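# A closer look at the structure
The residues making up each chain are set out below.
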Amino acid sequence: MAAHLIAISLVLAVIVGVSIGLLGGGGSILTVPILTYVLGMPAQEAIAASLFIVGTTSIVGTINHARAGRVRFKTGVLFGIAGMVGAFGGGFLGGFIPGVILMVLFALMMIATATPMIRGRKNKDGTEVTPKDGEMEIFKIVLDGLAVGFVTGLVGAGGGFLIVPVLNMLGGLPMAVAVGTSLLVISMKSFAGLGGYLFSVSLNWPIVLAFTGVAIIGSFIGTALAGKVPEKSLRKGFGYFVLLMGFFVLIQEVPSLISSFAG
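Notes on the structure in this doc start here.

Conventions we followed
- Residues numbered from 1 in each chain as written.
- Predicted model: local features only at pLDDT ≥ 70, side-chain atom pairs only at ≥ 80, totals over all residues.
- Heavy atoms only, no water.
- Helix = DSSP H or I, 4+ residues; strand = E, 2+ residues; numbered from the N terminus.
- Contact = heavy atoms within 4.5 Å.
- Core = buried A, V, L, I, M, F, W, Y, C linked by side-chain atoms within 4.5 Å.
- Buried < 20%, exposed > 50% of the residue type's maximum accessible area, 1.4 Å probe, protein only.
- Phe/Tyr/Trp six-rings, centres within 6.5 Å; stacked < 30°, edge-to-face > 60°.
- Expected span 1.5 Å × (residues − 1).
- Axes fitted to C-alpha atoms, helices over the stretch in contact; angles between N-to-C directions.
- Left-handed = near helix turned anticlockwise from the far one by under 90°.
- Nonpolar A, V, L, I, M, F, W, Y, C, P; charged D, E, K, R; others polar.
- Parallel < 35°, antiparallel > 145°, perpendicular 65-115°, else oblique.

## A look at the overall build of the protein chain
Check the secondary structure of the protein chain and you find 10 helices and zero strands. Scanning the protein chain from its N terminus toward the C terminus, one meets helices and strands in the order α-α-α-α-α-α-α-α-α-α. Counting only C-alpha atoms and orienting by the principal axes, one finds that the protein chain spans roughly 50 × 40 × 30 Å. Contacts spanning at least 24 positions in sequence make up 85% of the contacts within the protein chain whose residues lie at least 6 apart.

The following block contains the structure:
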């Protein structure tokens, strides 16, 4: 693996960390393409590596957000436990699905979840719904956690691009709190998904650990910014970021998908 490509990937790892700390997601959305397109890792290896990188960085981010009072532990732990069950199954299944199909699914889910974040929730009179800080209902937490966990384990995403919208748009948590709580869930689910992938995938640990260390540094910057960005701006910025990355991955992968069917 060329030294200059490793150096480029480590610079990009700072952006990954900032995204995780600021948005409570986006880590895997960035990490998987970096590992795949910059370092040339096979899709399954990149996905498994991203689960470790994002999971570890999210633990640090959770601690930092908790100090600022932006983590709802009951919601996060229950969502995380349900998500771990779903993520293990998704990660196990993902190891046997062709990489190009995983990447296309990854992109389509990003595009689908970006739209409601950009538009926001509306009342019947057309005004935006104001988030109400508190814990979600237990049944809703478990059901959403299982579904999101399976999907994110399957495509190698720590899940912030799905968890943050669920906590903010459906659960009613303020965006900054949804970000902090999302990191708790992501750290739990990422390692469960990784466990499923390690049955069929081996990792280049020196590269993975170096990337993780740099991403953790970036997460401190993101966490410091999270409490200062206005709610609406943070939500819409998250949505546009996810939408952009979804189209980027889709553009990269669709030609390969067409070729595989044509062949």
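## Thoughts on the environment of Val 179
Topologically, Val 179 is positioned in helix α8 (residues 175-197). For the pair Val 179 and Leu 234, spaced 55 residues apart in sequence, the C-alpha separation works out to 9.8 Å. Once residues within four sequence positions are removed from consideration, Val 179 is found in contact with Gly 21, Leu 22, Leu 23, Gly 24, His 65, Val 164 and Leu 234.

## Considering the nonpolar core
Membership of the largest hydrophobic core comes to 69 residues, with the highest contact counts inside it found for Leu 35, Phe 79, Phe 106, Met 110, Phe 161 and Phe 238. The biggest single contributor to this core is helix α5 (residues 99-119), with 10 residues. The residues touching Leu 35, leaving out its near neighbours within four places in the chain, are Gly 40, Met 41, Ala 46, Ala 49, Ser 50, Ile 53 and Phe 211.

## Let's talk about the packing of aromatic side chains
For the structure shown, the criterion picks out six aromatic pairs. Judged by centre distance (6.0 Å) and plane angle (85°), the ring pair of Tyr 37 and Phe 248 falls under edge-to-face. Taken together, the residues Tyr 37 in helix α2 (residues 27-38) and Phe 248 in helix α10 (residues 231-262) connect sequence positions 211 residues apart. With a centroid separation of 6.0 Å and 80° between ring planes, the pair formed by Phe 92 and Phe 199 is classed as edge-to-face. In this pair, Phe 92 is assigned in helix α4 (residues 73-94) and Phe 199 in the loop between α8 and α9 (205-226), connecting sequence segments 107 residues apart.

## Structural notes on helix α1 (residues 3-23)
Look at α1: 30 Å from first C-alpha to last across 21 residues, which is about the 30 Å you get at 1.5 Å a residue. For α1, the full list of buried residues reads Ser 9, Ala 13, Val 16, Gly 17, Ser 19, Ile 20, Gly 21, Leu 22 and Leu 23. Count one or two residues on from α1 and you reach Gly 24, which has phi positive near 70°.

## Description of the packing of α4 against helix α6 (residues 138-155)
Remark: α4 packs on α6, axes separated minimally by 6 Å, with the N-to-C direction vectors making an angle of 30°. You can see that α4 and α6 cross each other, and the crossing is right-handed. Grouping the constituent residues of the contact of α4 with α6 by class yields 13 nonpolar, 10 polar and two charged.

## A short note on the side chain of Thr 223
Tracing the backbone through its elements, the reader meets Thr 223 in helix α9. When sequence neighbours within four positions are dropped, the list of residues in contact with Thr 223 reads Gly 21, Leu 22, Gly 61, Asn 64, His 65 and Arg 70.

## Side note on the packing of α2 against α5
Where α2 meets α5, the axes come as close as 12 Å, and the angle between the chain directions of the two elements is 150°. Between α2 and α5, the interaxial angle falls into the category roughly antiparallel. Note that α2 runs across α5; the crossing there is left-handed. Contact residues: Ser 28, Ile 29, Val 32, Thr 36 and Tyr 37 in α2; Met 103, Phe 106 and Met 110 in α5.

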